[in-house]
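Breakdown of the fold
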Amino acid sequence: MAENGEAQQQPQVQMNILAQFIRDMSFENVMAQKGTGGEVQPDVSVQVNLDAKKRSAENQYEVVTKLTVESKNKESGNVLFVLELEYVGVFNIVGVPEDQLHPFLLIECPRMTFPFLRRIVSDVTRDGGFPPLNLDNIDFVGIYRNELARRQSEAAAAAPTQ
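Now for a look at the structure at hand. The model shown is predicted, which means the values in this text are computed figures rather than measured ones.

The rules behind these values
Residues numbered from 1 in each chain as written. Predicted model: local features only at pLDDT ≥ 70, side-chain atom pairs only at ≥ 80, totals over all residues. Heavy atoms only, no water. Helix = DSSP H or I, 4+ residues; strand = E, 2+ residues; numbered from the N terminus. Rg over C-alpha atoms; globule rule 2.2 N^0.38 Å. Buried < 20%, exposed > 50% of the residue type's maximum accessible area, 1.4 Å probe, protein only. Areas by Shrake-Rupley, 256 points an atom, 1.4 Å probe, with all protein chains shown as cover. Lys, Arg positive; Asp, Glu negative; His and termini not counted. Charge placed at Lys NZ, Arg CZ, Asp CG, Glu CD. Pairing = 2+ DSSP bridges. 1 Å grid on protein atoms, 1.4 Å probe; cavity = no way out; pocket = protein on both sides within 12 Å on 5 of 7 lines; lining within 4 Å. Points joined across faces, edges and corners; volume = space filled by probe spheres on them. Axes fitted to C-alpha atoms, helices over the stretch in contact; angles between N-to-C directions. Left-handed = near helix turned anticlockwise from the far one by under 90°. Contact = heavy atoms within 4.5 Å. Nonpolar A, V, L, I, M, F, W, Y, C, P; charged D, E, K, R; others polar. Expected span 1.5 Å × (residues − 1). Bend = angle between axes of the 7 residues up to and from the residue. Phe/Tyr/Trp six-rings, centres within 6.5 Å; stacked < 30°, edge-to-face > 60°.

Along the backbone of the protein chain there are 4 helices and 4 strands. For the protein chain, the succession of helices and strands along the chain, N to C, is α-β-α-β-β-β-α-α. In terms of C-alpha radius of gyration, the protein chain reaches 20 Å, well past the compact-globule figure of 15 Å for 162 residues. Dimensions along the principal axes, computed over C-alpha positions, put the protein chain at roughly 70 × 50 × 30 Å. When each of the 162 residues of the protein chain is scored for burial, the buried share is 31%. Counting only carbon and sulfur atoms, one obtains 46% of the accessible surface of the protein chain, whose full area is about 10,700 Å². The averaged location of the 22 negative side-chain charges in the protein chain is 3 Å from the averaged location of its 15 positive side-chain charges.

What follows is the structure, given as structure tokens:
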């Protein structure tokens, strides 16, 4: 019986995606602009930045995934294309304890929108004249931990020494 009482006290976590959209996107086919072509060995790098903020409506949050994808020719180092994408998910989240909300927003929410973001990257690179780029899964937990570690080291460096 005690277990049922405890379960009723803890609110059930609910997350709904209310909206998702491209806020900003840029694709530059540098190779075509320079008039070069032929066989190339692409070297692709992907940078991911995450941001989250509370919206004015109760329990609503906006989570932004910013991707910068750059493809260079392995041999020459010349840039082939650059894709910058800012993808937003608007979420209604209920039942997440306040102390767990920040990691929830920056890990679980981007995980939910990632398949859509991956599809956009694939379509844009294909439509831009390149083979479709299918992004590997992104380790949002690792990104979150790295950001925490970076902030802690910055805080430690900024703290006055006695």
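Another point: the pairing of strand S3 (residues 60–73). Extensive coverage of S3 is indicated by the burial of 10 of its 14 residues. Pairing of strand S2 (residues 42–54) with S3 involves 13 bridges; the strand directions are antiparallel. Paired with Val46 across the strands is Val69, a residue of S3. Hairpin connection, S2 to S3: the antiparallel pair is bridged by 5 residues, and Asn59 has positive phi, about 65°. As paired strands, S3 and strand S4 (residues 79–94) are joined by 13 bridges and run antiparallel to one another.

Bringing the layout of surface pockets into the picture now. Approximately 250 Å³ is the volume found for the largest pocket. If you go around the largest pocket, the residues you meet are Val48, Asn49, Leu50, Asp51, Ala52, His102, Leu106, Ile143, Tyr144, Glu147 and Arg151. Elements supplying a minimum of two residues to the lining of the largest pocket: S2, helix H3 (98–127) and helix H4 (140–158). When residues in the lining of the largest pocket are grouped by element, the largest group, 5 residues, is from S2.

Right, let's talk about the packing of H3 against H4 for a bit. In contact at an axis separation of 9 Å, H3 and H4 are set at 145° when each is read in the N-to-C sense. H4 is crossed by H3, and the crossing has right-handed handedness. Residues His102, Pro103, Leu106, Ile107, Pro110, Arg111 and Phe114 of H3 form the contact with H4, whose participating residues are Phe140, Val141 and Tyr144. Residues that form the contact of H3 with H4 fall into these classes: 8 nonpolar, 1 polar and 1 charged.

Turning next to H3. Counted at 1.5 Å a residue, the expected span for H3 with its 30 residues is 44 Å, and the 43 Å between its end C-alpha atoms agrees. Taken as a whole, H3 carries its principal kink of about 50° at Phe104. Remark: Gly129 follows H3 within two positions and exhibits a positive phi of approximately 100°.

Next up on the list: unusual backbone geometry. A positive phi angle, close to 65°, is found at Asn59, a residue other than glycine. Following the sequence through the fold, Asn59 ends up in the loop between S2 and S3. Of the residues examined, Asn59 reaches a relative accessible area of 26% and is grouped as partly exposed.

Below, the discussion takes up the packing of aromatic side chains. Across all of its chains, the model carries 4 aromatic pairs by this definition. Ring centres of Phe114 and Phe140 lie 6.2 Å apart, and the angle between their planes is 75°; this geometry places the pair in the edge-to-face category. One end of the pair, Phe114, is in helix H3; the other, Phe140, is in helix H4, and 26 residues separate them in sequence. Exposure class is identical for Phe114 and Phe140. Each is buried. Pairwise contacts between aromatic rings join Phe27, Phe81 and Phe130 into one cluster.

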